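What follows is each chain in one-letter form.
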Amino acid sequence: MLRHPQVPDGAGLLHHHTGGEKVVNPGEQFSLMCAAKGAPPPTVTWALDDEPIPRDSGHRTNQYTMSDGTTVSHMNVTSPQIKDGGVYRCTARNSVGSAEYQARINVRGPPSIRAMKNITAVAGRDTFINCRVIGYPYYSIKWYKDSLLLPDNHRQVVFENGTLKLMDVQKGMDEGEYLCSVLIQPQLSISQSVHVTVKVPPLIQPFEFPPASIGQLLYIPCVVSSGDMPIHITWRKDGHVILSGSGVTIESKEFMSSLQISSVSLKHNGNYTCIASNAAATVSRERQLIVRVPPRFVVQPNNQDGIYGKAGVLNCSVDGYPPPKVMWKHAKGSGNPQQYHPIPLTGRIQILPNSSLLIRHVLEEDIGYYLCQASNGVGTDISKSMFLTVKIPAMITSHPNTTIAIKGQTKELNCTARGERPIIIRWEKGDTVIDPDRNMRYAIATKDNGDEVISTLKLKPADRGDSVFFSCHAINSYGEDRGLIQLTVQEPPDPPELEIREVKARSMNLRWTQRFDGNSIITGFDIEYKNKSDSWDFKQSTRNISPTINQANIVDLHPASVYSIRMYSFNKIGRSEPSKELTISTEEAAPDGPPMDVTLQPMTSQSIQVTWKAPKKELQNGVIRGYQIGYRENSPGSNGQYSIVEMKATGDSELYTLDNLKKFAQYGVVVQAFNRAGTGPSSSEINATTLEDVPSQPPENVRAISITSDVAVISWSEPPRSTLNGVLKGYRVIFWSLYMDGEWGEMQNITTTRERVELRGMEKFTNYSVQVLAYTQAGDGVRSSVLYIQTKEDIPGPPAGIKAVPSSASSVVVSWLPPAKPNGIIRKYTIFCSSPGSGQPAPSEYETSPDQLFYRIAHLNRGQQYMLWVAAVTSAGRGNISEKVTIEPAGKAPAKIISFGGTVTTPWMKDVRLPCNSVGEPVPAIKWTKDSEDSAIPVTVDGHRLIQANGTLVLRSVKAEDSGYYTCTATNTWGFDTIIINLLVQVPPDQPRLTVSKTSASSITLAWIPGDNGGSSIRGFVLQYSVDNSEEWKDVFISSSERSFKLESLKCGTWYKVKLAAKNSVGAGRISEIIEAKTHGREPSFSKDQHLFTHINSTHARLNLQGWSSGGCPITAIVLEYRPKGNWGWQSLRTNSSSEVFLTELREATWYELRMKACNSAGCGNESAQFATLDYDGSTIPPIKSAQGEGDDVKKLFTIACPIILATLGVALLFIIRKKRKEKRLKRLRDAKSLAEMLISKNNRSFDTPVKGPPQGPRLHIDIPRVQLLIEDKEGIKQLGDDKATMPVTDTEFSQAVNPQSFCTGVSLHHPALIQNTGPLIDMSDIRPGTNPVSRKSVKSAHSTRNRYSSQWTLTKCQASTPARTLTSDWRTVGSQHGITVTESDSYSASLSQDTDKGRNSMVSTESASSTYEELARAYEHAKLEEQLQHAKFEITECFISDSSSDQMTTGTTDNADSMTSMSTPSEPGICRFTASPPKPQDSERGKSVAVPIPHRASKSDYCNLPLYVKSEAFFRKPDAHEPCPVVPPREASIRNLARAYHAQARHMTLEPGTAKPLGLPPPASAATTLPQRTLPIPTAVPGPATAAAAATSAAPTATAAPVPPAAAATAAATTEPTAAASSSGASAEARVPTHSKVGGSRDSLLEMSTSGVGRSQKQGAGAYSKSYTLV
């Protein structure tokens, strides 16, 4: 480490230092440090063996300055080599000098010596010679000169590191060759020589400048006595080169130079330097030249005046060289000066630097002659005299400094002055000159008194404004003087300023400030106060309050009273005026008296009405804000704690009803009044008992024992006493039978006071459900759980029917029905056969198994009569016999049916067997038909219907439309027989109509009207409810006899959603509309009348939280957040208390922000406030001004930045939402496309009857307002706009010849031999959801012009020879016990969820077409499971917009209420429903024409009102092709006109076949059928009966398809069935129909047509229901 000692400031010598050695290995990093200190800070450089160190990657230096001024430099050698060894020297230099330090570093390796340069040394100085050895180790370094080992004298030193030092170098002795020898091995050394040359510096002989005077000649030589030549000599004056023209001449020779001045002057004064330099060094010698000048006056003294007391300067200024010395002398007196005396220089008299005499304060004794004398030793002295005259200025010699006057009295002020005359005396008050002429209250008098002047100022009288400084000013020609007089005018004090610091209920704290004390010490205070309404004669006072006190407490005040307060102050002069009168109101205190006349009146079993009056007026201590009613149960076992409710005061008489009490329990009630200050004493406890209620629990331990086949014993035990809720009056046993078919018998009940009852007269071997309840005077209690019991077996009743028919000449077949009352399990049947004429006393007996209901008896005699009867047998024995029938075997066996007709009841979705067993010879042929109004339609065998070999008709998965009368006919050669079976299909019940009848804080009471029971008695109801913003539904199961229900234990002030569904033996029905109701209560709020802060000091604040009103729901938590104003962080405090809370550890004298949030079950209320803590001395702090502090700047920045950030975030969020919606919509479209492709793939299956014409690729076309989805597999896409006509089929589909039979009636035209069905109809209203059904209907009728969106589908099936079936689609929601279930269905419906606040839509939203696609996709996904869709082709042809007058769109007319939606409520706005009707049977003879509903009277241009996509010339082409259509907007044919023309008038028109000739079609084979609707016959070419029937079902070719009214579709389908059943094929002719056809009727009209036909196509009681899916 190298360290340089401190370089002394200003040092110019170079200091050499040597150091030790350090040995390192090659590659071993080492670091050297050098520290130096100097001023200015030095710069450090490094050298190795006297050569600069290169800066490269291996040698790095850094330098820095420390805090103490030390400069530190480091030399880092990272990877040293042998060449890096040697002597390292650091040199520190600044502008003053330099210093250095050195040390040797040895790097191991072969030693060598670097080449050494010759050295030039300066004689007389020290020289260092380094042996530049590198490598290590070596043994020694030695120096030789002239073969002599050095050192050989005292001036030579050899250091251990091999450095040779030559001290005081001499030229002759030290100059020469030097040899460095290094011993590297014991016998081996290396050497290197260096030559030292010694240079001798110049030596200047001493010289001096002699004293010189101005004008003299001067010659100075500078001679160099020794030194190496050449020598250069120069001169400098005061460090600068001597310029020519300055009067100085320089002459130089080889070793001498002279300085010559021809005429010395003052400018030649200075320091002259002679500088000699040669190759060795530069030397100099400096001397000073001084030029002497005699003294002379620059400014001479003159006579002058001095002013007494002022400073005076006697001017006298001289110069010369050396500078002259000046002396002042003084001679007193005004005559000739006699003798001058030196002036003693004191603090008052001084000589200035310019030789003038300063007299700081001129006195009268300073008058006289003054002499200024100067000398400097050159020439003679000089002097000059002058006379000083002293003048006296005006002076105030006497005046009072302070004086006192009494206000209103006269006061005189005197002032005495002297000085040179004339003297003027002026009086001033403050800074204003007093002018007696202007202000008559002042008078001034002046008089001479010898050499003095006396002036008097008189005040007449003294006033408060005179308590100032008065001054008298004396003025003459030589000056002025002023005398200050402080006048104090004393008077009674001003009244104190009174301040109210704090007012409490019974005390107040005052503080006052004494503004003006009357210039006299305050001696005391008086305080007076009174009631504001009283006079001051009735005052109360506090006297002689100490003057050292500035605040006081007034106690014993009355709460909530108004007081007036004033104050006086005193001094020795007198009493002040009263202070400003203050009016204060004392705070309220808690009432001192309880409420009066408290009474209790039980109202219900859970409520008691409390009435009372306010406390006495004088005890209220303020305004009664409300009351707290405390109540507790006084029954045994209660905890005795009061529950508290609070209410606001309304007047002098109050009333409150306590709810949710225990039933039939005694309660004690107390009432307390409260005001802002707190709660007063409570009233005396009064007791009352709630009214009786029904028991809340059923009897316990219910048991049922079957005694006989018609007697059972029911026993139980009493419910817990605590649940009786009154006095037990008795028990009621409810029981009903459960039949094998799932139906319930009549509900019966027995009342008893015992705990056991015997039920008699029960049906035998029958399952019974039994429930027991207890009842009080209030009514029936809760029923027990259903207990099941079965009566014992008994002998059966007679068979319900018996038949006997001959089957051959010797045998008969007897058949029978099971007993109507089997009274047990049938074990077998016994058949009795007797011949009355045979003489046999006992009949023959035959036995069969219980499953066989017929028996063939053989071996009988032909022509003999037999009597037959049957009896059933159970384990109890043989039962009663049936009727006896007589039969005779016959040779001929006509067809006879041994099965029985009647009524068959079955749940839907079950397989049903309708038996039709027959006998006869030959074997009879069986034919089944189904009645449809006045015609019978043959039953066709397909996947749904099967006729077995024995004649049994099997209906699989029966639906509502399968209900009806079925006729079985058996026919053979000898005759026929017929039975009729009435099939009743039971379906789930319709949705109830649910309403809210009453609400409270914790309950909602609901009422409902059940819908149709679906053919099976309602078993019960499932009520589901959830909180409005939740989808977690809770289920409640309700008895079938209930029509209302009370939901209890609900959250206060909360919205709830409720829905209800009924259940029967089939299952759960449709869920009612979701209704919403809110329990009573609201979120808490803070009353502005309440004082929030009751006490604040410097570190604490007490808050009164009683201002929070609960809103009817108990407050669960109060959160307080507070922070100093301007801070960011909030401190929070959570409390459940509603009385008082303390905020602690606050900062003194600080404004705080406070935020409060009180929460209950209804929500949270917020309140904010500001408050300030007091100062340390209890004083308040000023309000906050809008200071522009740092926090405000941040807030401003925050205020500006927030909207920008929010706007940016909003735009980004909107972009993201739109992108998400677009992606979701595209996904739904893709899903719909995939679904459609799946359905299309189904359509590609081959059909039984091929369609003539070129094969066309099926496709799905969905067209909904604002969005279109077109999917085709072969054809291109044609789109005419969002609300334009669309082309769901292409022209090429009907360009080929088609079968004339294949014509489908209606306004939607399709492929040949396609059966038309009406699909879903979406019906949406734009009214606000959330209203109940009744109000919705009223709204609808009031807004007849409201639009809705609707989308109509058309489902077609390519089967020409099968009877038509209608697939109805009606989306519904169905409730279940555990959520939502999915059941198979051919009916769907969707109902808008009723969400008042959020407008959520849980099913179908017509506001989003993409969501409609999603629901369509769901419908298809479920519908594809149905058999009807296996070979169906779907076409969604149109989207309609209808207005709200189409109320009966899905319900039909009022005459026929059994359409597909007859079991539901009428269609209402906001309900989405997809409906269609089952087919209607028609007679085959009347099936020649098809009824087509049209909207109104057909005129020439009616069809022109229709949009393009519903026009077809196949129906309404005019004979006159030139008659133009008037331009009429399609919407002008309003739905209201349609309703009048179509429904109300009910006019009908039948067009004969001949009238259809302009249509270009052949005439029909028979007359048209007249239906109860307005019809249009469609003529067809019918070569034969078969083709005539088929023609009714065909679709007319057209380029545009539109929906077909259901009635038309049903009629077309019905007319086909009889013929289709008889003949499956027939010849057909082809007919071409123009493809550029149009269809009449507006979009609204078509919609009405399609929906109106639904109701008219149904038969009463037959097929009025369809299955449902639940879609969520």
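Keep in mind that this is a model prediction, so the values were computed, not measured.

Reading guide: rules and limits
- Residues numbered from 1 in each chain as written.
- Predicted model: local features only at pLDDT ≥ 70, side-chain atom pairs only at ≥ 80, totals over all residues.
- Heavy atoms only, no water.
- Helix = DSSP H or I, 4+ residues; strand = E, 2+ residues; numbered from the N terminus.
- Buried < 20%, exposed > 50% of the residue type's maximum accessible area, 1.4 Å probe, protein only.
- Contact = heavy atoms within 4.5 Å.
- Areas by Shrake-Rupley, 256 points an atom, 1.4 Å probe, with all protein chains shown as cover.
- Disulfide = S-S within 2.5 Å.
- Core = buried A, V, L, I, M, F, W, Y, C linked by side-chain atoms within 4.5 Å.
- Pairing = 2+ DSSP bridges.
- Salt bridge = Lys/Arg side-chain N within 4 Å of Asp/Glu carboxyl O.
- Patch = residues over 30% accessible without salt bridge, like charges linked within 9 Å, V, L, I, M, F, W, Y side chains within 5 Å.
- pLDDT = per-residue confidence, 0-100.
- Axes fitted to C-alpha atoms, helices over the stretch in contact; angles between N-to-C directions.
- Phe/Tyr/Trp six-rings, centres within 6.5 Å; stacked < 30°, edge-to-face > 60°.
- Polar contact = N/O pair within 3.5 Å; in protein donor to acceptor, adjacent residues only side chain to side chain.

It is worth spelling out the overall build of the protein chain at this point. Assigned secondary structure in the protein chain consists of nine helices and 114 strands. Every one of the 1672 residues in the protein chain was classed for burial, and the buried ones make up 48%. The long-range share in the protein chain, meaning contacts at least 24 apart out of those at least 6 apart in sequence, stands at 70%. With an accessible surface of roughly 78,900 Å², the protein chain has 51% of that area assigned to carbon and sulfur atoms.

As a further point, take the state of the cysteines. Here the structure, examined in full by the defined rule, presents eight disulfides. Note that C222 is cross-linked by a disulfide to C274, the S-S spacing being 1.8 Å. Here C222 and C274 share a disulfide; its torsion about the S-S bond, -85 degrees, makes the bridge left-handed. Residue C222 is found in strand β21 (residues 218-226), and its partner C274 is found in strand β26 (residues 270-277); the two are separated by 52 residues along the sequence. For the residue pair C222 and C274, the accessibility class agrees, reading buried in each case.

Next up on the list: the nonpolar core. I129, C131, W143, Y178 and V182 are the most contacted members of the largest nonpolar core, which has 22 residues in total. Those elements giving two or more residues to this core turn out to be β10 (119-122), β13 (140-145), β16 (163-166), β17 (176-185) and β18 (188-199). Top element by residues in this core is β17. It accounts for four residues. Not counting chain neighbours up to four residues away, the residues in contact with I129 comprise I119, W143, G162, T163, L164, L166, Y178, V194 and V196.

With that out of the way, let us pick up the sheet that holds strand β22 (residues 232-237). Note: strands within a sheet are paired through backbone hydrogen bonds, in either parallel or antiparallel orientation. With antiparallel pairing, the four strands of this open sheet are ordered in space as β23-β22-β26-β27. Of all the strands in the sheet, just β23 (240-241) and β27 (282-289) have a single pairing partner and so form its edges. Where β22 meets β26, six bridges bridge the pair, whose relative direction is antiparallel. Bridge pairing links R236 to T273 in β26.

Moving on to the environment of P493. Position of P493 relative to the elements: it lies in the loop between β46 (479-490) and β47 (497-503). Among residues more than four places away in sequence, those in contact with P493 are Q514, F516, D517, G518, I522, S569, F570, N571, G574, R575, S576 and E577.

Turning next to the pattern of salt bridges. Counted under the stated rule, the structure contains 44 salt bridges. For the salt bridge of R441 with D466, the shortest nitrogen-to-oxygen distance reads 2.6 Å. Pair noted here: R441 is in the loop between β42 (432-433) and β43 (442-449) and D466 is in the loop between β44 (452-459) and β45 (469-476), with a separation of 25 residues, a long-range link. Here R441 and D466 have matching classes, each one buried. The partner of K1057 in a salt bridge is E1031, and the shortest N-O contact between them spans 2.9 Å. Of this pair, K1057 sits in strand β93 (residues 1055-1064) while E1031 sits in the loop between β90 (1018-1027) and β91 (1034-1039); the two residues are 26 residues apart in sequence, bridging distant segments of the chain. Here K1057 falls in the buried class, since its relative accessible area comes to 5%. Taken together, the salt bridges that share partners define one network made up of K407, R464, E491 and D494.

There is a patch of nonpolar side chains on the surface, built from I1205, L1206 and L1209 and spanning about 310 Å² of accessible area. The topology assignment puts L1206 in helix α2 (residues 1190-1243). The exposed category is assigned to L1206, whose relative accessible area is 57%.

The next thing to look at is the confidence of the model for the protein chain. Mean pLDDT for the protein chain: 75, with 71% of residues reaching 70 or above. Low pLDDT, under 50, characterises residues 1-19; the predicted model gives this stretch 53 contacts beyond four residues in sequence or across chains. Note on residues 1242-1413: pLDDT under 50 across the span, and 588 contacts to partners over four residues away in sequence or across chains.

The next thing to look at is the environment of L183. Considering the arrangement of structural elements, one finds L183 in strand β17. Here L183 falls in the partly exposed class, since its relative accessible area comes to 25%. Expressed as a C-alpha distance, the spacing of L183 and S140, which sit 43 residues apart in the sequence, is 5.3 Å. Aside from chain neighbours lying at most four places away, what touches L183 is Y138, Y139, S140, L188 and S189.

Moving on to the sheet that holds strand β85 (residues 953-955). Pairing within the open sheet is antiparallel, and its three strands lie in the order β80-β85-β84. A single partner strand is all that each edge strand has here, and the edge strands are β80 (912-914) and β84 (945-947). Here the average twist between neighbouring strands, direction ignored, is 20 degrees. The pairing of β80 with β85 spans three bridges and is antiparallel. Across the sheet, L914 pairs through a bridge with L953, a residue of β85.

What follows deals with the packing of aromatic side chains. The tally for this structure, following the rule as stated, stands at 20 aromatic pairs. Taking 6.4 Å as the distance between ring centres and 55 degrees as the angle between the ring planes, the aromatic pair formed by Y1025 and Y1056 counts as tilted. Taken as a pair, Y1025 in strand β90 and Y1056 in strand β93 lie far apart in primary sequence, 31 residues in all. According to the relative accessible area criterion, Y1025 is buried, its value standing at 14%. Taken together, a centroid distance of 5.4 Å and an interplanar angle of 75 degrees make the contact between F1086 and W1108 edge-to-face.

What follows concerns the side chain of R732. Summarising the element assignment, R732 is placed in strand β64 (residues 728-738). Here R732 falls in the buried class, since its relative accessible area comes to 18%. A distance of 3.2 Å separates the side chain of R732 from the side chain of T751, its partner in a polar contact. With near-sequence residues (within four places) excluded, R732 lies in contact with N749, I750, T751, Q771, V772, L773, Y775 and D780.

Pairing geometry for β13 and β17, over six bridges, is antiparallel. In the sheet register, W143 faces β17, and the bridge partner there is C180. Pairing geometry for β17 and β18, over nine bridges, is antiparallel. Among the inter-strand pairings, G176 is bridged to a residue of β18, identified as V196. Hairpin geometry of β17 and β18 is characterised by an intervening segment of two residues between the two adjacent antiparallel strands.

The next point concerns the environment of A804. Structurally, A804 is set in strand β70 (residues 799-806). Measuring from C-alpha to C-alpha, the distance between A804 and V885 comes to 6.9 Å, with 81 residues separating the pair along the chain. When residues no more than four places from it in sequence are discounted, the contact partners of A804 are V813, V814, L868, V885 and I887.

In this section: unusual backbone geometry. Here A39 and P40 are connected by a cis peptide whose omega angle stands at 0 degrees. Among the secondary structure elements, P40 is positioned in the loop between β2 (30-36) and β3 (43-48). A cis amide bond links R421 with the next residue in sequence, P422, at an omega value of 0 degrees. By the element assignment, P422 lies in the loop between β40 (411-418) and β41 (424-429). With a phi close to 60 degrees, N519 is a non-glycine residue in the positive phi region. Inspection of the secondary structure puts N519 in the loop between β48 (508-513) and β49 (522-531). Given the relative accessible area of 27%, N519 is considered partly exposed. Despite not being glycine, D597 has its phi angle at roughly 55 degrees, a positive value. Tracing the chain through its elements places D597 in strand β54 (residues 596-604).

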